Amino acid sequence: MSDKRIKGCPNDKCDDYKKIKYKAEDRFCKSCGTELIFVCSKCWTPLAGDDPKKKICAKCEAKREDRKEKLIQTGKRAGQAVASLAAVAPAVLKLITKVLPTNKK
Ligand SMILES: [Zn+2]
Ligand SMILES: [Zn+2]
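These figures come from a predicted structure and were not determined experimentally.

Once that is clear, we can look at the overall build of the protein. When its secondary structure is counted, the protein shows 1 helix and 3 strands. Order of helices (α) and strands (β) in the protein, N terminus to C terminus: β-β-β-α. Oriented by its inertia axes, the alpha-carbon framework of the protein measures out at about 90 × 25 × 25 Å. Looking at the protein as a whole, 12% of its 105 residues qualify as buried.

Structure, rendered in structure tokens:
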């Protein structure tokens, strides 16, 4: 599996600092020559572990999980709304069919 992590220049005096995202195979900053480090692709925090699958830091990972959880919750709520609507719909339909014939006369 290819390394999808990004590298960044760790030199905060460098023009590329927190600006240019380098590939995993790049080794040195093109602007200042500092050796690149793996960073979080969201917040530029240097990555601690050496897992090629971990593109983002633990903090961003937690945030993403949070959002996923919220999305699931929202989805559940939407599902409930649809379900309650479906429960009401037959009653509404009955009402409409009752009203329609009298309207035709
Ligand atoms: Zn640099
Ligand atoms: Zn991060």
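A few words on the nonpolar core. Ile6, Cys9, Tyr22, Cys29, Leu36, Phe38, Val39, Cys40, Leu47 and Cys57 form the largest nonpolar core, which has 10 residues in total. Apart from residues lying up to four places away in sequence, Leu36 is in contact with Lys7, Gly8, Cys9, Tyr22, Asp26, Arg27, Phe28 and Cys29.

Here we come to unusual backbone geometry. Look at Lys18: it is not a glycine, yet its phi comes out positive at around 60 degrees. You can see Lys18 is positioned in the loop between β1 (6-8) and β2 (22-23).

As a further point, take the environment of Trp44. Looking at the element boundaries, Trp44 is found in the loop between β3 (37-39) and α1 (58-104). In this structure, the C-alpha to C-alpha distance between Trp44 and Glu61, residues 17 residues apart in sequence, is 13 Å. When residues no more than four places from it in sequence are discounted, the contact partners of Trp44 are Gly8, Lys18 and Val39.

To continue, consider the sheet that holds β1. In spatial order, the strands read β2-β1-β3; together these 3 strands make up an open sheet with antiparallel pairing. The open sheet has two edge strands, β2 and β3, and neither has a second partner. Summarising the sheet, β1 and β3 pair through 3 bridges and their orientation is antiparallel. When the sheet's bridge partners are listed, Lys7 is paired in β3 with Phe38.

Checked against the element boundaries, Gln73 lands in helix α1. Once the C-alpha coordinates of Gln73 and Asn11 are considered, the two residues, 62 residues apart in sequence, prove to be 42 Å apart.

Conventions and cut-offs
Residues numbered from 1 in each chain as written. Chains lettered and ligands numbered in written order. Predicted model: local features only at pLDDT ≥ 70, side-chain atom pairs only at ≥ 80, totals over all residues. Helix = DSSP H or I, 4+ residues; strand = E, 2+ residues; numbered from the N terminus. Buried ≥ 20, exposed ≤ 12 C-beta atoms within 10 Å, placed from the backbone. Core = buried A, V, L, I, M, F, W, Y, C linked by C-beta atoms within 7 Å. Contact = placed C-beta atoms within 7 Å. Pairing = 2+ DSSP bridges.

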